[in-house]
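Working through the structure, step by step
Take a look at the letters that make up each chain.
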Amino acid sequence: MPISLSSEQVLALAPDTSSAQAARGLAVPHKWSSLNLTPRALWGECRGSGAAPYQVQAALEGLALHCTCPSRKHPCKHTLALLLLAAGHADAFIPAAPPEWVRAWLAERARREQPAAAHANGNGPANGNGKPVPDPEVAARRAAERLAEREAKVAAGLDELARWLADLVRRGLAAAQTQPPRFWDNMAARLVDAQAPGLARRVRELGSLPASGPGWPERLTDRLGRLHLLIEAYRHLPNLPAGLQADVRAAAGWTVSQESLLATAGVRDAWQVLGRRIEEEDHLRVQRTWLWGRATRQAALVLSFAAASQTLDTALVPGTQLNAELVFFPSAYPQRALVKPGAELQRFGGWPGYATLAAAAEAYGRALATQPWLERLPVPLAAVTPLRLDGAWWLRDAAGQGWTVAAGFEAAWQLLGLSGGGPLPVFGEWDGETFWPLSVWAGDHLTVLGAA
C-alpha cells in the first residue's frame, strides 16, 4: 500500500474531534461499495444517506483529498475514513484502472499545479516535463509536524485547565452549584480547540454533578481530584510506566493505531459476550460491548461509533461465545480490545460471576488502584436479588449486602419479573457508586435487559 501514514497520523489531520470519531465509525470495509487504488491514488464509494454513494478519493503525491459529500469540513469524515482504511485495512483495496471521476480530478489537480509552486511547498523539484517529482516522505513529514503541533496545543490546554480548576476550588463547591451550563461548556470547548477531546468530555460531565442529588459534593470532589491527577500525570508522562502512559494519553484523547495493534500477539480464550450498552456522546452513538474470558477471567471492551444515520457494528451478539484471539490496547489495566479475524462461534458455557458483592467491590478497588481514571468495571454477579426500597432499586446478595441500581435504568421491572423475587445471575457496569444491569442468565440462556 503506497501510504506511510499511521492511523494516529491520519486522525491528527481531522479538523475536530467529532470528525475523527465519525471517521473511525466509517473506517470499516462493509460500509464502502468499492475500494480501489493505483500507485498514485486511492478511491472508494461510501454509502451515505442519499441515493448515490459519495465519491471519495486521495492523491498520494502531496496527500490531496476530495469528496462529493456536502460537508464544509476539510478533510471530511469520508476522506479521513478512506485514509484510515488504507492504514488499517490495506488488503481491502483492489488495484484497478481509475474511473472517469478519478481521472478527471487527478488531471485537473495536475493542471493547476505549477512546478515552481510545487518546489516552494516542499514537494520536490520539477522534472523535464514540468511535473513535480513525487516525494514519498512529504506526507509523513507533514503529519509528524501536525502531531508536534497537537502536542503543543494539548500542553497549553492542560495549563489552562489547571488554572480553571484552581479558580473553581478557590471559590468553593457551593459556587460550582450556581454556575450555568456555559461555565462548563466554555472550558470544554477550549479543550476541544486544544485537541484534547478526552479532557473536554470529563469537564462536560462535571457540569451535571452539582444537580445529581444528595452526595454531589463528594462526587464532584472525587472527579476534580482525578482530573487534577490526570493533569499532573500528563506533565510527568516520561516518568510513568508504559501502561500508565498509555492510559494518560488515552484519557486526554490520543488514539492508538489499530493496524499496528492487530499485528501484535493477543489473548486467545473462549470469550463470552455478556452485554452491550449504547450511549450518546458528542453527537455520536457509542456502543460498548463487553466480553469475558472463561479461562483468563479477563474482561474485554469492544467499542463501536456511529453518527445519527449510521449503523453500529452488531457482529458481537450478547449470549454468544467465541473462540477468538483478542488484542488489548496498551494500559496499566487493559480493557479495550480488538477481535482478530478468524473467531469461531461456540456454545455458551457456564455463568462466570463474582460470588458476592464484596468480592466484586474488591476487584473494582484493585482495578482503580492500578488505573485511577477507570470509569466503569464490567461485573458478572453469580446470584443477586432485585428489590425496591425507599423509592430506589437495589441488588442484594446472600450476605445481605446491596448495590444501588442506577437511577436512569428503565428495565428494573423486567429484571424483577425475570427473577421471580429470588436470586439470579446478573451482568452489568459498576462505577463505584451505582450498578447498571445489562443482562441476566435465566432459564439457561442470556436475556438482554431493556431489549424490545
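Before going into details, it helps to say that this report is about the structure given with it. (Residues numbered from 1 in each chain as written. Predicted model: local features only at pLDDT ≥ 70, side-chain atom pairs only at ≥ 80, totals over all residues. Heavy atoms only, no water.)

1. Structural notes on the pattern of salt bridges
Stated formally: Any Lys or Arg side-chain nitrogen found within 4 Å of a carboxyl oxygen on Asp or Glu counts as a salt bridge. Here a helix means four or more residues in a row that DSSP labels H or I, a strand means two or more in a row labelled E, and each is numbered from the N terminus. Three labels apply to residues, based on accessible area from a 1.4 Å probe with only protein chains included: buried if under 20% of the type maximum, exposed if over 50%, partly exposed otherwise in between.
Evaluated as defined, the whole model comprises 21 salt bridges. For Arg 235, the salt bridge is made with Asp 159, and the minimal N-O distance between the two is 3.1 Å. Note that Arg 235 is positioned in helix α10 (residues 216-235) and Asp 159 in helix α6 (residues 138-171), a separation of 76 residues in sequence. With its nearest N and O atoms 2.3 Å apart, the salt bridge here joins Arg 170 to Asp 167. Residue Arg 170 and its partner Asp 167 are located together in helix α6, separated by three residues, close to a single helical turn. Overall, Arg 170 belongs to the exposed group, its relative accessible area being 61%. One salt-bridge network, held together by shared partners, links Arg 201, Arg 202, Glu 205, Arg 223, Glu 281 and Glu 375.

2. Comments concerning the packing of aromatic side chains
Put simply, the test is: Stacked, edge-to-face and tilted labels apply to pairs of Phe, Tyr and Trp rings (six-membered ring for Trp) whose centres lie within 6.5 Å, assigned for plane angles under 30 degrees, over 60, and everything in between, in that order.
Per the counting criterion, the structure on display carries eleven aromatic pairs. With a centroid separation of 6.2 Å and 80° between ring planes, the pair formed by Trp 292 and Tyr 354 is classed as edge-to-face. With Trp 292 in strand β7 (residues 284-293) and Tyr 354 in the loop between β11 (344-346) and α13 (357-370), this residue pair connects regions lying 62 residues apart in the sequence. Among the residues examined, Trp 292 registers a relative accessible area of 3% and is labelled buried. Arranged with centres 5.7 Å apart and planes meeting at 80°, the rings of Phe 409 and Trp 436 form a pair that is edge-to-face. Here Phe 409 is found in the loop between β14 (402-405) and α14 (412-419), whereas its partner Trp 436 is found in strand β16 (residues 434-442), with 27 residues between them in sequence.

3. Concerning the sheet that holds strand β3 (residues 54-59)
In a beta sheet, neighbouring strands are held together by backbone hydrogen bonds and run either parallel or antiparallel to one another. Rules: Should DSSP find at least two bridges between two strands, the strands are regarded as paired. Throughout, a residue-residue contact means that at least one pair of heavy atoms, one from each residue, lies within 4.5 Å. Think of each axis as a best-fit line through the C-alpha atoms, taken over the contacting stretch in the case of a helix, with angles from 0 to 180 degrees between the N-to-C directions.
Reading across from one edge, β4-β3-β2-β1-β5 is the order of the five strands in this open sheet, with mixed pairing throughout. At either margin of the open sheet sits one strand with a lone partner, and together these are β4 (64-67) and β5 (94-95). With two bridges connecting them, strand β1 (residues 32-37) and β5 associate as parallel partners. Note on β5: the bridge partner recorded for Asn 36 is Ile 94. Lying on the sheet, helix α4 (residues 100-112) is in contact with β2 (41-46), β3 and β4; it crosses β3 at an angle near 45°.

4. With respect to the packing of helix α2 (residues 17-26) against helix α3 (residues 77-88)
We apply this condition: Convention used here: angles under 35 degrees read as roughly parallel, angles over 145 as roughly antiparallel, angles from 65 to 115 as roughly perpendicular, and any remaining angle as oblique. Rotating anticlockwise by less than a right angle from the far helix to the near helix defines a left-handed crossing, while the corresponding clockwise rotation defines a right-handed one. Each residue is assigned to one class: nonpolar for Ala, Val, Leu, Ile, Met, Phe, Trp, Tyr, Cys and Pro, charged for Asp, Glu, Lys and Arg, and polar for all the others, Gly among them.
Between α2 and α3, the shortest axis-to-axis distance is 8 Å and the interhelical angle comes to 55°. Our classification of the angle between α2 and α3 gives oblique. Of the two elements, α2 crosses α3, and the hand of that crossing is right-handed. Residue-level contacts link Ser 19, Ala 22, Ala 23, Arg 24 and Leu 26 of α2 to Lys 77, His 78, Leu 80, Ala 81 and Leu 84 of α3. Here the residues of the contact of α2 with α3 sort into six nonpolar, two polar and two charged.

5. A closer look at the environment of Gly 417
Looking at where Gly 417 falls in the secondary structure, it is placed in helix α14. For the pair Gly 417 and Pro 386, spaced 31 residues apart in sequence, the C-alpha separation works out to 9.4 Å.

6. Regarding the state of the cysteines
Just so we agree on the cut-off: Put simply, a disulfide is two cysteine sulfurs that come within 2.5 Å.
A full pass over the atoms with the stated rule returns zero disulfides. No disulfide involves Cys 67; its nearest neighbouring cysteine sulfur is the one of Cys 69, lying 3.6 Å away. We classify Cys 67 as buried; its relative accessible area is 13%. Not engaged in a disulfide, the cysteine Cys 76 finds its nearest cysteine sulfur in Cys 69; these two sulfurs lie 3.7 Å apart. For Cys 76, a relative accessible area of 5% gives the class buried.

7. Observations concerning the nonpolar core
Heads up, the condition is: Put simply, a nonpolar core is a bunch of buried Ala, Val, Leu, Ile, Met, Phe, Trp, Tyr and Cys residues held in one set by side-chain atoms that sit within 4.5 Å of each other.
Judged by nonpolar contacts, the single largest core of 37 residues is most densely connected at Val 379, Leu 381, Trp 403 and Phe 435. Not counting residues within four places of it along the chain, the set of residues in contact with Leu 381 comprises Trp 351, Gly 353, Tyr 354, Leu 357, Ala 360, Leu 395, Trp 403, Pro 425, Val 426 and Phe 435. Ranked by size, the runner-up nonpolar core spans 35 residues in total, among them Ala 200, Ala 233, Tyr 234 and Leu 237.

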